[in-house]
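Spelled out, the chains give:
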Amino acid sequence: MNDLAFDHAPVGLAVLERRVITRCNLQFAATFGGAPGDYTGMLVAELYPSQEDFNRIGALLQQPEAQRGSYSDERIMRRRAGGLFWCRVRGRSVTPEAPFQTGIWSFADISDDRPVVSLTPREREVAILTCKGLSAKEIGKQLDLSYRTIESHRAHLLQKFGARKLPELVAKLTGMPL
């Protein structure tokens, strides 16, 4: 009976220890493909689009603001069959002082609201910082690039997302209704 809520939750749930999946529920398996037992012992890195993305999120979890024990974001993940999709990820570490020790994570497929667009790692960084409200100059300073380079990346993002102006791009990136 204790496992009923976990196993049948309407959102994908996984227990991770040192970034290895020790257990997941039915919705997690349905979201990523396969059966829950297929994921036992799997390094969660296999569900990221790239090793760079896995490392980037790992570095974010080491930042002081993430050390409070919970974390959430929206990111692109990879299904077992290889397809990419947008996913809302939320996690809570059982050991905030050691965020990778043990944690419970939820994964919700939000791809119906957001198309997957192929972005370079730099475009992804610029998109994330743009959604956080940073100006081109602020992003340039943070990434050690000129603001003109940031403007160029934003122009590519506008084109890729079919947006006419920056607010429309941000709306499309964040899944806000237009």
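Draft legend 1. Focus on unusual backbone geometry. Of note, Arg 18 is a non-glycine position whose phi angle comes to about 50°, a positive value. In this structure, Arg 18 sits in the loop between strand S1 (12–17) and strand S2 (20–24).

Draft legend 2. Seen up close, the pattern of salt bridges. Summed over all chains, the structure comprises twelve salt bridges. Salt-bridge contacts for Arg 56 lead to Asp 53; the nearest nitrogen and oxygen are separated by 3.5 Å. Placement of both Arg 56 and Asp 53 in helix H3 (residues 51–61) is noted, with a separation of three residues, approximately one turn of the helix. Arg 56 gets classed as partly exposed once you look at its relative accessible area, which sits at 25%.

Draft legend 3. How the structure looks around the packing of helix H4 (residues 121–131) against helix H7 (residues 166–174). The geometry of H4 relative to H7 is characterised by a closest axis approach of 10 Å and an angle of 105° between their N-to-C directions. When the axes of H4 and H7 are compared, the pair comes out roughly perpendicular. Between H4 and H7, the residues in contact are Ala 127, Thr 130 and Cys 131 and Leu 166, Val 170, Leu 173 and Thr 174, respectively. A breakdown of the residues in the contact of H4 with H7 according to their chemical character gives five nonpolar, two polar and no charged.

Draft legend 4. Spatial organisation of the pairing of strand S5 (residues 102–109). Where S1 lies against S5, six bridges are found, and the strand directions are antiparallel. Paired with Leu 13 across the strands is Ser 106, a residue of S5. Judged from the seven bridges that link them, strand S4 (residues 84–93) and S5 form a sheet pairing that is antiparallel. Within S5, the position partnered with Val 89 by the bridge is Phe 107.

Draft legend 5. Spotlight on the layout of surface pockets. Estimated volume of the largest pocket: approximately 900 Å³. Lining the largest pocket are 30 residues, and of these Arg 56, Asp 73, Glu 74, Ile 128 and Lys 132 sit closest to its centre. Of the residues forming the lining of the largest pocket, the biggest block, seven residues, is contributed by strand S3 (residues 70–78). Per-class residue counts for the lining of the largest pocket are 14 nonpolar, five polar and eleven charged.

Cut-off values and rules
- Residues numbered from 1 in each chain as written.
- Predicted model: local features only at pLDDT ≥ 70, side-chain atom pairs only at ≥ 80, totals over all residues.
- Heavy atoms only, no water.
- Helix = DSSP H or I, 4+ residues; strand = E, 2+ residues; numbered from the N terminus.
- Salt bridge = Lys/Arg side-chain N within 4 Å of Asp/Glu carboxyl O.
- Buried < 20%, exposed > 50% of the residue type's maximum accessible area, 1.4 Å probe, protein only.
- Axes fitted to C-alpha atoms, helices over the stretch in contact; angles between N-to-C directions.
- Parallel < 35°, antiparallel > 145°, perpendicular 65-115°, else oblique.
- Contact = heavy atoms within 4.5 Å.
- Nonpolar A, V, L, I, M, F, W, Y, C, P; charged D, E, K, R; others polar.
- Pairing = 2+ DSSP bridges.
- 1 Å grid on protein atoms, 1.4 Å probe; cavity = no way out; pocket = protein on both sides within 12 Å on 5 of 7 lines; lining within 4 Å.
- Points joined across faces, edges and corners; volume = space filled by probe spheres on them.

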